[in-house]
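# Reading the structure
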Amino acid sequence: MSPETAAPGSATTPLAGRRVLLPRAKPGDAIAAALVAAGARVLCVGVTRAVAGPAEPRMRAAAQLAAGRYAWVVLTSARTLDFFALGSLSGREKTPARAKADDAALSPGDTGRPSNAPMHTGLAVVGAGTAQAVREQLGREPDLIAAGSGAALLELPQLSRGPGRAAGASGRRLLLPGSALSSPVLREGLAAAGWQVDAVPAYTMEPVRIVDLPEGFAAEWAGGGFDAVVLVAGSSTRALLGLVGPPPPATRVVAIGAPTAAAARAAGVRVDAVAARPTPEAIRDALATTLPDPPH
C-alpha cells in the first residue's frame, strides 16, 4: 500500500477532498498523480501480485526471438519486461539487473542475443509507460507506440494490414508475451489480419493474502470510507471483491475501460462510469462527472 496522498491547496479542484481507492500499487502511478492533482485523496492498495508463467513456453519463445524468427514483438504492459527475456531486442549492453532477469528466463546455453541474430524484428508497445520502460531497460526506441488499450494496435497500418503476401514464415510470425489473463481481443484481431500469433503467458496475476492488506482497510471499505473506486483491470477487480467484498452503495465505481467494466459487471458490480479512454485525464474526468456534488 502507498500512503494516502493529496495535493496541497486543492480545495477548488474538481475532486477536492474526495477519497478515492486505486486497487493497485505501482511506483509513479500516473493515474494516482492525476487524481491527486485534481484534489482527490488517493489511497493505492495492491490487491494482486504478479507471478511468472510456465518456464518452458517463455524459454522456447525467447530462443526463437533471439534467432530472428519473429517479424514483430508486441508488448501491452511494462510488467512483461520483468518476466520475459527480450535482451535480443536490446539497443545496448545489458545492465547487471537486466542480465539477471533475462538469464532467469532463458534455457541453459541461450545467450539472449547471438552475434548473428537478425535485426529486423519490430517492437510495438501500448502506452507511454511501456515505451519508457523499453527505453530504460532495453536501451532502444519502440518502432510503434499505440495509445490507450491493446486494441489500439489494431488501428496501426503496420499491424492491421498483416504481413505482406511475399513474407516468408518468419515474416508472418508475431510474438505476444503478456499476462495469462489478457483479453483475447488483440490476439484475435492480429490473427484475423493474417499474423501467426504466438501468445505466451509470461506472467499471471493472483490475489494477495488478506493478511497482506493494510490494517483496518477491509472495515473502512465495507463502511463506505471511500467516495469512489477506480477499477483498472479484471484481475484486480476480482481480487478486490474476493478479499473485501463488493463496493458499498455510496461508493461510486469507475472503470478504466470497457473490458474492465465488463469484468466488473460479470462479477455483479454496478459500474457508474467508464472512462472514455484509458488515460489518467479521462479517468479523472469520469470521476468528476459521476461523483455527486459535495454537501454545502
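Structure: above.
For clarity, every value in this text was computed on a predicted model and none was experimentally measured.

Turning next to the side chain of Thr130. Along the chain, Thr130 turns up in helix α4 (residues 128–138). A polar atom in the side chain of Thr130 sits 3.4 Å from the backbone nitrogen of Ala78. The residues contacting Thr130, other than those within four sequence positions of it, are Leu75, Thr76, Ser77, Ala78 and Val125.

The next thing to look at is the pairing of strand β11 (residues 252–255). Bridge count between strand β10 (residues 228–231) and β11: four bridges; the pairing is parallel. Bridging across to β11, Val229 finds its partner in Val253. Considered for its hand, the β-α-β crossover made up of β10, helix α8 (residues 234–244) and β11 is right-handed. Examined bridge by bridge, β11 and strand β12 (residues 273–274) share two bridges and lie parallel to one another. By the bridge assignment, Val254 is partnered in β12 with Ala273. In terms of handedness, the path from β11 via helix α9 (residues 258–266) over to β12 forms a crossover that is right-handed.

Turning our eyes to something else, we now look at the side chain of Ser90. In this structure, Ser90 sits in the loop between β5 (72–75) and α3 (96–105). Among the polar contacts made by the side chain of Ser90, one reaches the main-chain carbonyl oxygen of Leu138 at a distance of 3.1 Å.

Turning our eyes to something else, we now look at helix α10 (residues 280–290). Along α10, the residues that are buried comprise Pro280, Ala282, Ile283, Ala286, Leu287 and Thr290. Taken around the axis of α10, the buried residues stretch over an arc of 165°, which confines them to a single face.

Before going further, it helps to spend a moment on the sheet that holds strand β8 (residues 173–179). Here six strands make up an open sheet; going across it, the order is β4-β9-β8-β5-β6-β7 and the pairing mixed. Pairing within the sheet leaves two strands with one partner each, and these edge strands are β4 (48–52) and β7 (144–146). Taking each pair of neighbouring strands and ignoring which way they run, the sheet shows an average axis angle of 20°. In terms of strand pairing, strand β6 (residues 122–126) meets β7 through three bridges, oriented parallel. For Ala124, the partnering residue across the bridge sits in β7 and is Leu144. Across the face of the sheet, helix α2 (residues 55–66) comes into contact with β4, β5, β8 and β9 (196–207) while running at roughly 140° to β9.

Scoring rules and cut-offs
- Residues numbered from 1 in each chain as written.
- Predicted model: local features only at pLDDT ≥ 70, side-chain atom pairs only at ≥ 80, totals over all residues.
- Heavy atoms only, no water.
- Helix = DSSP H or I, 4+ residues; strand = E, 2+ residues; numbered from the N terminus.
- Polar contact = N/O pair within 3.5 Å; in protein donor to acceptor, adjacent residues only side chain to side chain.
- Contact = heavy atoms within 4.5 Å.
- Pairing = 2+ DSSP bridges.
- Right-handed = clockwise from strand over helix to strand, strands pointing away.
- Buried < 20%, exposed > 50% of the residue type's maximum accessible area, 1.4 Å probe, protein only.
- Arc of directions from axis to C-beta.
- Axes fitted to C-alpha atoms, helices over the stretch in contact; angles between N-to-C directions.

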